[in-house]
Amino acid sequence: MTSIELDHVVMRYDGARAAVDDVSLEIEEGEFFVLVGPSGCGKSTLLRLLAGLERPSSGAVRMGGDDVTALEPRQRDVAMVFQNYAIYPHMTVRANLGYGLRVRGTAKRDIDARVDEVADLLGLREVLGRRPGTLSGGQLQRVAMGRAIARRPRAYLMDEPLSNLDAKLRVSMRAELEQLHRKLGVTTVYVTHDQVEAMTLGRRVAVLRGGELQQVAAPQELYARPANAFVGAFIGSPPMNFAIGTRYGDALALGGFTLSLNAGPLPPVRDGERVLVGLRPEELRPEAAQGDRVLSVECAVRQDLGADALLFFAVPSTPEETAAISRATFTEERAAGPGNGGEERLLCARVPAGLRVRPGDKIDLAVNPHALHYFDPATGARLATG
C-alpha cells in the first residue's frame, strides 16, 4: 500500500491544449479513489501518468512520499487492469495469472502458491487449466484482476475495467470489486465514465472536465453540494433539472411558473437578477409537504423503471435561456419542439411507479425550496445561500 500525490501536473501534446491542466490530488494509503468524467476529459491520461507510461510536461508524481516522475513503469511497482483485459489467448488461466511473476524471476514454487491463492480469492480454481477463449466476460475480467493481484504491487490502476461487460454483470462485478478491496486494502485508482460506477465504488471521487479538476469529494457530497453546474449535471441519474430564474423579492420566476420562497433560502442575487436553478428529479414529488410549493404541469412522456417512473414535462424556454443553460452545464440542450414564445425543454420528475399519470395528464408536483441549487448563469459556479 502507498499514498499517491499529483502536484500541479500538466500534460500537453505537441503544443496543443493541455490534456491535463494543473491537476493536484492527494490519494490516501489504502484508498479506493475514482476518476470520473466524460470522454476526453483527461482521466485515462492521468492514469498513464501515474503508471509512468507518460511523462508530465510539468509538475510531479509522488508515491509513498517519493518523487517517481522520472521513473520507468517497471520501477514504480504498480499494476494496471485494462478495459480490454490484455490477457494472452495462447496461455492457460494459470499461466496468465503467473505471467507477471515469471518475468520478474520469481521462483516457480512461489508462483504456484500465489496463483493458487489468487484463484481461490477470485473463484477461478476450476478454470485454471482453460484458455481465455473458453471463458465468460466476467471470468476474463477476474483473470485480468488476478494477474494484477498476484504481483502484490503497492497500488492498482484500473482503466474502465468493467465497460465491456453487460449491465447485469457490471453490477455484480462492482460488488465483487468492493469486497476485494476490503480484503486487500491496496491503494486503488479507478477510471470510469460511468457516474453510477463512480458513486458506488469510490470513497472519494474526482470529477474532471476538459483536463481540469472540477471537484473532489465523497459521493454523497458530490450529489448534495455540487461545486458547479457541470458536476450537478454529470452526477446523478437521471441528471439534475436546470432552469433560468429571476428573483422578485421572495419569489422566483421560472419560465411559466412563479415559486414563492418564503419558506426556504432565497437565491443570493438582487431583485430582478437572473440565476441558474438546479433541482434533482427526486425532489419533484407528487404530494405536497408543509413548506412545499406546487408546479402544475402536463406529463409529456412517462418511462417506467420498475419501482419508480420518470415523468417528463415541457417547460417554455427561450433560445437564449437554453443556450445559457448549455454553457453553464457544458451539455447540449435539445429543444423538445415549438412552444409558447419560442422553444420548450423537457424536465424530469422521479415518482413512485404506482402513480397513475399518463402522457397528456395534468399533475401537481411539489417543490421543496430547501432542495433548490443556485448557480452563476455565466460561470456555472455554485452560489452559497448563507
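Note that the structure is a prediction, hence the values are computed from the model and not measured.

Chemist: Hey, could you go over the sheet that holds strand E12 (residues 251–254) for me, with residue numbers and the actual values?
Modeler: Pairing within the open sheet is antiparallel, and its five strands lie in the order E13-E12-E11-E14-E21. Only two strands of the sheet have a single partner each, and these edge strands are strand E13 (257–260) and strand E21 (373–375). On average, each strand axis in the sheet is tilted by 35° relative to the strand beside it, whichever way the strands run. Taken together, the four bridges between strand E11 (residues 241–248) and E12 define a ladder with antiparallel strand orientation. Bridge pairing links Thr246 to Ala253 in E12. Against the sheet, helix H9 (residues 319–329) touches E11 and strand E14 (274–279), its axis set at about 115° to E11.

Chemist: Before we move on, can you summarise unusual backbone geometry with the specific residues and values?
Modeler: With an omega of 0°, the peptide bond between Ser237 and Pro238 qualifies as cis. Phi at Asp22 is positive, roughly 55°, even though this residue is not glycine. Relative to the helices and strands, Asp22 is located in strand E2 (residues 20–27). One non-glycine residue with positive phi stands out, namely Asp77, at about 55°. Mapped onto the elements of the fold, Asp77 is located in the loop between strand E5 (66–67) and strand E6 (78–81). Taking relative accessible area as the criterion, Asp77 reaches 32% and is therefore assigned partly exposed.

Chemist: Tell me about the nonpolar core, and name the residues and values.
Modeler: Val34, Leu97, Tyr190 and Val207 are the most contacted members of the largest nonpolar core, which has 45 residues in total. With seven residues, the single largest contributor to this core is helix H4 (residues 137–150). Residues in contact with Tyr190, not counting those within four places in the same chain, are Phe32, Phe33, Val34, Leu35, Met158, Pro161, Leu162, Leu177, Glu197 and Leu201. Counting 28 residues, the second-largest nonpolar core is a separate cluster that includes Ala243, Leu252, Leu254 and Ala371.

Chemist: Break down the packing of aromatic side chains for me, citing the residues and quoting the values.
Modeler: For the structure on display, the rule yields five aromatic pairs. Ring geometry for Phe32 versus Tyr190: centroids 5.7 Å apart, planes at 40°, classification tilted. Of this pair, Phe32 sits in strand E3 (residues 32–36) while Tyr190 sits in strand E8 (residues 187–192); the two residues are 158 residues apart in sequence, bridging distant segments of the chain. A residue is classified by how much of its surface remains accessible, and Tyr190, at 0% relative accessible area, is buried. Judged by centre distance (6.0 Å) and plane angle (55°), the ring pair of Phe242 and Phe375 falls under tilted. Placement of Phe242 in strand E11 and of Phe375 in strand E21 is noted, with a sequence separation of 133 residues between them. Each member of the pair, Phe242 as well as Phe375, is classed as buried. Feature note: the residues Phe230, Phe234 and Phe330 constitute an aromatic cluster, connected by ring pairs. Cation over ring: Arg209 sits above Phe330, and NZ or CZ is 3.5 Å from the ring centre. The side chain of Arg280 reaches across the aromatic face of Tyr223, ending 4.3 Å from its centre.

Chemist: Summarise helix H2 (residues 93–103); cite the residues concerned and give the values.
Modeler: Listing the buried residues of H2 in full gives Val93, Asn96, Leu97, Gly98, Gly100 and Leu101. Against the buried residues of H2 lie helix H3 (108–122) and H4. Gly105, located one to two residues past H2, shows a positive phi value of around 80°.

Rules used in this analysis
- Residues numbered from 1 in each chain as written.
- Predicted model: local features only at pLDDT ≥ 70, side-chain atom pairs only at ≥ 80, totals over all residues.
- Heavy atoms only, no water.
- Pairing = 2+ DSSP bridges.
- Helix = DSSP H or I, 4+ residues; strand = E, 2+ residues; numbered from the N terminus.
- Axes fitted to C-alpha atoms, helices over the stretch in contact; angles between N-to-C directions.
- Contact = heavy atoms within 4.5 Å.
- Buried < 20%, exposed > 50% of the residue type's maximum accessible area, 1.4 Å probe, protein only.
- Core = buried A, V, L, I, M, F, W, Y, C linked by side-chain atoms within 4.5 Å.
- Phe/Tyr/Trp six-rings, centres within 6.5 Å; stacked < 30°, edge-to-face > 60°.
- Lys NZ or Arg CZ within 6 Å of the ring centre and 35° of its normal.

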